[in-house]
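The chain contents come next:
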Amino acid sequence: MDEKRAKKTQIDESWLERIGDEFSKPYFLALKKVLLEEKRAGMTVYPPGQLMFNAFNSTPFSKVKVVILGQDPYHGAGQAHGLSFSVPDGVKPPPSLKNIYKEINAELGHPIPTSGNLMPWAKQGVFLLNAMLSVRASSAGSHSKIGWQNFTDAVIKSLSDHREGLIFLLWGKFAQSKNVLIDEVKHFVLSSPHPSPFSAHSGFFGNDHFVRCNHYLEQQGLDPIDWSIE
């Protein structure tokens, strides 16, 4: 892909090489039109445009070790920054992320962080992908039907097809519905209820996903993920 196109899409070159064709498909052009129309209408969309592909720019295609699939960006002011479950520095960790931290503490003994910024994970190869990469302010799920899932499904399938030995953490029924895109012969899939306060006590707590994830990485001769934040 040429430099002009990479700059226009604001997505890492390694990802453009794999999924760049998606940007010229009819569904993506329609998606882009919706975003532009909402912007012209004065609507607020999260995350800011320059952070929409933050997960891709933080974790290049060849560096992905673990995929954590979320559903929607946070729709509150200042929360979303393009990484699933993560919030920027200075923003209080939301309830689901607090429960993720509690499970890490129970499994590995890491102190529960005050920061909700998961960039340290992304830099180690944890691909923090939301199925939808945008949302209207104060309107959860508002962009769930504009085409993002066509794009992110292609992303998941590309990872499944062109990489081996990845770990997919699928929390909740929505994430688990993406299992059909993943070749479980080539990859390690871990599923459990969502870390939301509504479901965490139904099987997210005690799932041992973080220990099992690191054990699998070590079996492949790879460095484990340091799940601590601070």
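The following paragraphs examine the structure supplied in this document. A quick note: this is a predicted structure, and the numbers were derived from the prediction, not measured.

**A closer look at the environment of Lys157**
Considering the arrangement of structural elements, one finds Lys157 in helix H7 (residues 148–162). Here Lys157 falls in the partly exposed class, since its relative accessible area comes to 41%. As a C-alpha pair, Lys157 and Ile182 span 25 residues in sequence and 6.4 Å in three-dimensional space.

**Details of the nonpolar core**
Phe56, Trp121, Trp148 and Phe151 are the most contacted members of the largest nonpolar core, which has 63 residues in total. Excluding residues within four positions of it along the chain, Phe151 makes contact with Ile19, Glu22, Phe23, Tyr27, Phe28, Phe53, Phe56 and Leu133.

**Remarks on the environment of Phe205**
Structurally, Phe205 can be placed in the loop between strand E6 (188–192) and helix H9 (209–219). By relative accessible area, Phe205 is classed as partly exposed at 27%. Distance from Phe205 to Lys102, taken between C-alpha atoms, is 8.1 Å for residues 103 residues apart in sequence. Once you skip the residues sitting within four places of it in the chain, Phe205 turns out to touch Asn99, Lys102, Glu103 and Ala200.

What counts, and where the lines are drawn
- Residues numbered from 1 in each chain as written.
- Predicted model: local features only at pLDDT ≥ 70, side-chain atom pairs only at ≥ 80, totals over all residues.
- Heavy atoms only, no water.
- Helix = DSSP H or I, 4+ residues; strand = E, 2+ residues; numbered from the N terminus.
- Buried < 20%, exposed > 50% of the residue type's maximum accessible area, 1.4 Å probe, protein only.
- Core = buried A, V, L, I, M, F, W, Y, C linked by side-chain atoms within 4.5 Å.
- Contact = heavy atoms within 4.5 Å.

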